[in-house]
Amino acid sequence: MKTKITELFNIQHPIIQGGMHYVGLAELAAAVSNAGGLGILTGLTQGTPEKLAAEIARCRKMTDKPFGVNMTFLPSVTPPDYPGLFKVIVESGVKAVETAGNNPAEWLPMLKEADIKVIHKCTSVRHALKAQEIGCDAVSVDGFECGGHPGEDDIPNMILLPRAADELKIPFVSSGGQADARSLVASLAMGADGVNMGTRFMATVEAPIHQNVKDAIVAASELDTRLIMRPLRNTERVLNNPAVERVLTVEKAKGSAITFEDILTDVAGVYPKVMIDGDMDVGAWSCGMVAGLIHDIPTCKELIDEIMAEAEILIRTRLEGMLSHIKSAAT
Ligand SMILES: Cc1cc2nc3c(=O)[nH]c(=O)nc-3n(C[C@H](O)[C@H](O)[C@H](O)COP(=O)(O)O)c2cc1C
């Protein structure tokens, strides 16, 4: 399948693995890229320019295919060394960057000069248009169903994707709720040129996270995620657990008077404990509603091959079959 996204990133299949804190390490990014998708390392998980350079080098040893780096802009008291991290990305020869969290305009000139393609992840049409205006090459349109930060507009992909298609000139991928061939074909029908998946790639053999996390995703249904931090306008979709229940109780009790400090212990520094140690109830961690569609733990290659093979069957048999049925009924 050739789309504007496969051409832009020089990849075989229109499937991207979104950056994920403590998940998007070299093992996963390389496995996705080796399977013909675009694997993404998560820049902030490495934290320092030196560690990011080492992780990029490690990933390059595992794949000769293109892969990218996610750079997330977060409100932070002590911001990461963004200039140093971007310098490493440019010097490393990586050809794709996924930005998220805030406007990446400041970094675009240096990325463009190095011929790095930038896909900006955003949760609204107005932010997607802004990304287009400032010169991003593509956008990842992240619907309300997504794991992580869905923004504050609450527009699901069934509306958001056709709205994006109506407004955007640059290519976009659908993000949030994408799991299988049905997601891909529906996204293409709604105007996207590919899909971005987060939660689905966590439940793969190569995802370098604790087995408990993978098992929790397989066991979860579409009813098991919750939205936290809405009163702080930093909404995050997470898998429900006792820590999440605590956060929601505090949010209810404090109302608009809540501060980040009120929930700090249940939301800060949680990722290594969950993803490495497998301590599932220690705090809140991102997970999409798409967990309800995830029932197995395949390799990345098995997952991507199955999506592409079934997408072809869906298009050629189910969809085209309906057309000929209509035609023959009309004659
Ligand atoms: C555990 C987890 C961690 C994530 N961390 C980040 C991150 O650090 N930066 C980012 O831009 N997106 C992050 N995301 C969002 C994903 O890149 C992707 O946009 C999202 O998972 C898509 O929704 P889905 O989970 O329904 O596929 C994270 C998602 C998950 C599930």
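A brief look at the structure comes next. Every value quoted in this text rests on a predicted model; they were computed, and no experiment measured them. Going along each chain's sequence as written, the residues are numbered from 1 onward. Residues qualify for local features only when their pLDDT is at least 70, as the model is predicted, and side-chain atom pairs are given and counted only at 80 or more; totals for whole chains, interfaces and linings, by contrast, use all residues. Values reported for side chains reflect all heavy atoms of the structure, with hydrogen atoms and water molecules removed beforehand.

1. Points about the pairing of strand β7 (residues 172-175)
Link 1 in the chain: Burial along β7 is two-sided: the face carrying Phe-172 and Ser-174 and the face carrying Val-173 and Ser-175 are both buried.
Link 2 in the chain: The sheet contact formed by strand β6 (residues 138-142) and β7 spans four bridges and is parallel. Residue pairing for β7: Val-141 is matched across the bridge by Ser-174.
Link 3 in the chain: The crossover handedness rule: strands pointing away from the viewer, path from first strand over the helix to second strand clockwise, crossover right-handed. A run of H or I in DSSP counts as a helix once it spans at least four residues, and a run of E counts as a strand once it spans at least two, with each numbered from the N terminus. Tracing the backbone out of β6, into helix α8 (residues 157-167) and back to the parallel element β7 gives a crossover that is right-handed.
Link 4 in the chain: When DSSP locates at least two bridges between a pair of strands, those strands are taken to pair. Pairing analysis gives two bridges linking β7 to strand β8 (residues 195-197), with the strands arranged parallel. Bridged to Ser-174 within β8 is Val-195.
Link 5 in the chain: For the handedness criterion, the β-α-β arrangement of β7, helix α9 (residues 181-189) and β8 is classed as right-handed. Only protein chains enter the accessibility calculation, which uses a 1.4 Å probe; a residue whose area is less than 20% of its type maximum is buried, one above 50% is exposed, and one in between is partly exposed.

2. Quick look at the site of the ligand
Link 1 in the chain: We call a residue near a molecule or strand as soon as one heavy atom of that residue lies within 4 Å of the molecule or strand. Taken together, 24 residues are adjacent to the ligand, and Gly-19, Thr-72, Lys-121, Gly-177 and Thr-199 come closest.
Link 2 in the chain: Within the side chain of Thr-199, a nitrogen or oxygen atom sits 2.6 Å from an oxygen atom of the ligand.
Link 3 in the chain: Here the Shrake-Rupley method, with its probe set to 1.4 Å, supplies the accessible areas, and only the displayed protein chains count as covering residues. Here the ligand, which alone exposes 600 Å², has 93% of that area covered by the protein.
Link 4 in the chain: Elements supplying a minimum of two residues to the shell around the ligand: β3 (67-72), β8, α10 (199-202) and α14 (271-275).
Link 5 in the chain: Lys, Arg, Asp and Glu make up the charged group, whereas Ala, Val, Leu, Ile, Met, Phe, Trp, Tyr, Cys and Pro make up the nonpolar group; the residues left over, Gly among them, are polar. Of the residues belonging to the shell around the ligand, the class tally is eight nonpolar, 14 polar and two charged. N or O atoms within 3.5 Å of each other form a polar contact, as long as, within protein, one can give a hydrogen and the other can take it, and as long as residues adjacent in sequence are counted only when both atoms are side-chain atoms.

3. Quick word on helix α7 (residues 125-134)
Link 1 in the chain: Those residues of α7 that fall on the buried side of the exposure criterion are Val-125, Ala-128 and Ala-131. For α7, the buried positions fall inside an angular range of 115° around the axis, keeping them on one side. The exposed set on the far side of α7, more than 90 degrees from its buried face, consists of Arg-126 and Glu-133.
Link 2 in the chain: Contact between two residues is taken to exist if any of their heavy atoms lie within 4.5 Å; hydrogens are not considered. Taken together, the buried residues of α7 touch β5 (117-122), β6 and α8.
Link 3 in the chain: Just beyond α7, the residue with positive phi is Gly-135, at close to 110°. The arc under discussion is defined with respect to the helix axis, by the directions toward the C-beta atoms.

4. Description of the state of the cysteines
Link 1 in the chain: The disulfide criterion used throughout: a pair of cysteine sulfur atoms within 2.5 Å. Under the counting rule described, the total for this entry stands at zero disulfides.
Link 2 in the chain: Cysteine Cys-300 shares no disulfide, and the gap to the nearest cysteine sulfur, in Cys-59, comes to 12 Å.

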